[in-house]
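Fold and contact review
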Amino acid sequence: MTLSLVTSMNFPQCLFLVSTFALLAGVACAQSVIEGRVELPKARSAPVMNKRYEIVTKGGVIAPSPPIAVVYLEGSFLKPTTPPIAQMAQKDLMFVPPLLPVQAGTKVEFPNLDNTYHNIFSYSPTKRFDLGRYRSDEKPVPSQMFDMPGMVTLRCDIHEHMRGLILVLETPHFVTTDTDGRFRLSDLPSGHYKLKAWLSSKTTLEIPVELKSGSTLHVNLP
Amino acid sequence: MKVLQVLGFSLVALTAGRLGAEDFLDQVDEALTVTGFNNNIRARLSGLMDLEGYYFQQPAPGLIYASDNALFNPRLTFFLDVQLGSHVYAFAQSRVDRGFDPSDGGAEARLDEYALRVTPWDDGRFNVQAGKFATVVGNWVERHQTWENPLITAPLPYENVTAIYDSRAPSSAKRFTRGLVFAKYAYNPVIWGPSYATGVSTSGRLGQFDYAAEVKNAALSSRPETWDATEVGFDYPTASGRLGFRPNQMWNLGVSVSNGPYFRAEAKPTLPPGHGIGDYHELVLGQDIGFAWHHLQIWAEFYEVRFDVPRVGNADTFAYYLEAKYKFTPQFFGALRWNQQLFATVPDGAGGYAQWGQDIWRSDVAVGYRFTAHTQIKLQYSLQHQDSVSSDFGHLVAAQFTLRF
């Protein structure tokens, strides 16, 4: 219909119409940005592997996971039409990444990148599952759908020290901080929202924000 | 013991608030892990709190020592794991319970395991370990703790007492074949539990093969008191080894061998003249298989055992078990185990031959449920049949609640 309207106009009219559409589209897409810093908690103790009854022990130690936070915009957003896919791997007897934020409705794959079995499970009410023992070349890659918002603690039935977290959020607007606590959330729609920073199962910081079209907001938490 | 019971029931009550308890125990875990020197020294204290109940027919089966038909057996186990740099690891296990094996005795505290392990290369081709620790023989040791064991009791080869009596040599073949005439604790199984004897081991992996060898102060059949270096010293060491083959992550196959004197020092005066403790060995040949795929795990071990028995000769026995575990849901699992031990004949001292033990089979079935990642409950029923025992079939019902912290 738009095409037939354009073809029936002369050149100046057509130029005006196209410019107007372009301007309107530009205003609609002038999305906002929030950046800032979250004060992170102190680093936890590095894990100690239980090697008591392993006949074969490898050298080396498990690297400690520095604390990070998940920053997200709370509000009412559309659910994804096709389920996004995320990955939480097991590598060097650790979850990589150790903290994974996803939007509700995301399928998370758990590839085993070690040359030993893993058995990932969760008893969290948000998502209860047990993938059983699976090896690195397992096809298809074991996966689970995360539909309910909440926190899911992941463990390995074979490697007691392994811990991972999946934070299932209702929003598509989230990001993990770097290890200094810095974050940048971009492509945000304008409006009134709550900006939240999840630090642990016990601590979530929040602040109300008003986003104006095309603006960049600087926020530090707390 | 009352303190243990109160603590146990408090923790059971805590488990009722499952999520709160899980969060709390995760925090306890974090609080009990300490690091220093830029993470180069790490230590973690952890443990198991077990509340076990047994109901059985007399005579009590396996290594259970109780005069009644029922036994309550609480146990508190502490583990210390220490990582020093990237190549040195140490661990210790201490227990407070009613005896190493379930018994109606009073409370006692022991240091069951302690060891220092050095891993010079990152690829695990060679490890050396010294201390008091579980045997390298077979594949049951890696799941002998209550959290990992899908059943409550140990497999038959690790707990079925035979006519072998390590404190005294039999005075005649006739007496040896007469069966168990003293209190059950006087006799030995072919392998006593995880055999936490004292010594040195080496282990490693080369491609698809892994190896482990150890020299310990006591034989596999020896009782817990002899595992301490201070009890028997190293005058009569036992050498053991296992060669493993892993074609892939699903399969784990192994062969084991162990050989060493099994008599305790007090048996020396009862030995035939001109013979010493070092003349009478326990020889164990073992084969083990492990398989795991998704929610199914299967294990089996086969042991051919020979004891040199004074005034008798070679007393041979064959013991084996097949065990399977399946997770029906993330939290609910079941396990089955078929066990059997067969005894050969020995000269009976009257010109003939007689079996030196009663053939036995036992079938174990168990179900378990993990309330949280820190708490589980298991229920087990065992049906046992032993030839020439007054009661044809023996029954055992056991329940075990475990809290892991």
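In this numbering scheme, every chain counts its residues from 1 along its sequence in written order. Lettering of chains starts at A and numbering of ligands starts at 1, both following the order in which they are written. With pLDDT at 70 or above as the cut-off, local features in this predicted model cover only qualifying residues; side-chain atom pairs require 80 or more to be listed or tallied, and sums for whole chains, interfaces and linings still use all residues. The basis for every side-chain value is the complete set of non-hydrogen atoms in the structure, without hydrogens or water.

With that settled, consider the overall build of chain B. The helix count covers DSSP runs of H or I at least four residues long, the strand count covers runs of E at least two residues long, and both are numbered beginning at the N terminus. Along its length, chain B carries four helices and 19 strands. What you see for chain B is a C-alpha radius of gyration of 22 Å, in line with the 22 Å of a compact globule of 405 residues. C-alpha atoms of chain B, sized along the principal axes, occupy 70 × 50 × 40 Å. Only protein chains enter the area calculation, which uses a 1.4 Å probe; residues under 20% of their type maximum are buried, those over 50% are exposed, and those in between are partly exposed. Of all 405 residues assigned to chain B, the portion counted as buried reaches 54%. The reference for a compact globule is 2.2 Å times residues^0.38; the radius of gyration itself is calculated from the C-alpha atoms.

Residue and element names in this part refer to chain B. Mapping Asn160 onto the fold places it in the loop between strand 6 (127–132) and helix 3 (173–176). In the analysis that follows, any N or O atom pair within 3.5 Å is treated as a polar contact, provided that within protein one partner can donate a hydrogen and the other can accept it, and provided that, for residues neighboring in sequence, both atoms belong to side chains. Within polar-contact distance, the side chain of Asn160 engages the side chain of Gln341 at 2.9 Å. When checking whether two residues touch, look at their non-hydrogen atoms; a contact exists if any pair is within 4.5 Å. If sequence neighbours within four positions are ignored, Asn160 has contacts with Asn188, Pro189, Val190, Gln341, Phe343 and Ile360.

With that settled, the discussion passes to the interface of chain A and chain B. Opposite the 44 residues of chain A that make contact, chain B presents 63 residues. When two parts are brought into contact, each loses some accessible area as probed by a 1.4 Å sphere; the total of that loss over both is the buried area. Between chain A and chain B lies a buried interface of about 4300 Å² when both sides are counted; carbon and sulfur atoms form 48% of it. A per-residue breakdown of the area chain A buries against chain B is headed by A:Arg52, A:Tyr53 and A:Tyr123, which together make up 20% of the total. We count a salt bridge whenever a side-chain nitrogen from Lys or Arg sits within 4 Å of a carboxyl oxygen from Asp or Glu. In this structure, the connection of chain A to chain B is made through nine salt bridges. A salt bridge links B:Lys327 to A:Asp157; the shortest N-O distance between them is 3.0 Å.

Once that is clear, we can look at the confidence of the model for chain A. This prediction gives chain A a mean pLDDT of 86; 86% of its residues lie at or above 70. How sure the predictor is of each residue is captured by pLDDT, a score from 0 to 100. Here residues 14–29 of chain A scores under 50 on pLDDT; set against residues more than four positions off or in separate chains, the count is six contacts.

With that settled, consider a nonpolar patch on the surface. Residues and elements named next belong to chain B. Taken together, the side chains of Phe37, Ile41, Leu84, Leu116 and Val118 present a nonpolar region at the surface, about 430 Å² in accessible area. Mapped onto the fold, Phe37 is located in the loop between strand 1 (33–36) and strand 2 (41–56). Overall, Phe37 belongs to the exposed group, its relative accessible area being 67%. To count toward a patch, a residue needs a relative accessible area over 30% and no salt bridge; like charges are then connected within 9 Å, while nonpolar side chains (Val, Leu, Ile, Met, Phe, Trp, Tyr) are connected within 5 Å. Where accessible areas are quoted, they stem from the Shrake-Rupley method and a 1.4 Å probe; at the residue level, only the protein chains shown are allowed to cover.

This brings us to the nonpolar core. All names here are of chain B. Among the buried residues, those of types Ala, Val, Leu, Ile, Met, Phe, Trp, Tyr and Cys that are joined through side-chain atoms within 4.5 Å form a nonpolar core. Counting residues in hydrophobic clusters, the biggest one holds 30 residues, and the most contacted among them are Phe176, Tyr262, Phe263, Phe307, Val309 and Trp356. Mapped onto this core, the elements with two or more residues apiece are helix 3, strand 12 (296–309) and strand 13 (313–327). With four residues, strand 12 is the largest single contributor of residues to this core. Once residues lying within four places of it in the same chain are set aside, the contact partners of Tyr262 are Ile164, Asp166, Ala219, Ser221, Tyr280, His281, Glu282, Phe307, Asp308, Val309 and Pro310.

A word on the sheet that holds strand 3 (residues 85–87) of chain A. Residues and elements named next belong to chain A. The pairing criterion is simple: DSSP has to find at least two bridges between the two strands. Strand order in this open sheet of three strands is 3-7-10, and the pairing throughout is mixed. In this open sheet, the two edge strands, each paired with only one partner strand, are strand 3 and strand 10 (143–146). Between one strand axis and the next, the sheet turns through 30 degrees on average, direction left out of account. Relative to strand 7 (residues 106–109), strand 3 is paired through three bridges, and the arrangement is parallel. In the sheet register, Gln87 faces strand 7, and the bridge partner there is Glu109. Lines fitted to C-alpha atoms define the axes, with helix axes restricted to the stretch in contact, and inter-axis angles between N-to-C directions lie between 0 and 180 degrees.

Residue and element names in this part refer to chain B. Two rings belonging to Phe, Tyr or Trp (six-membered ring only in the last case) form a pair when the distance between their centres is within 6.5 Å. Interplanar angles under 30 degrees mark stacking, angles over 60 mark edge-to-face geometry, and anything in between is tilted. Counting across every chain of the model gives 33 aromatic pairs over all chains. Whether a charge sits over a ring comes down to the Lys NZ or Arg CZ being within 6 Å of the ring centre and within 35 degrees of the ring normal. Taking NZ or CZ as reference, Lys184 lies 5.2 Å from the ring centre of Tyr65, over its face. Over the ring of Tyr185 we find Arg223; its NZ or CZ atom is 4.8 Å from the centre of that ring.

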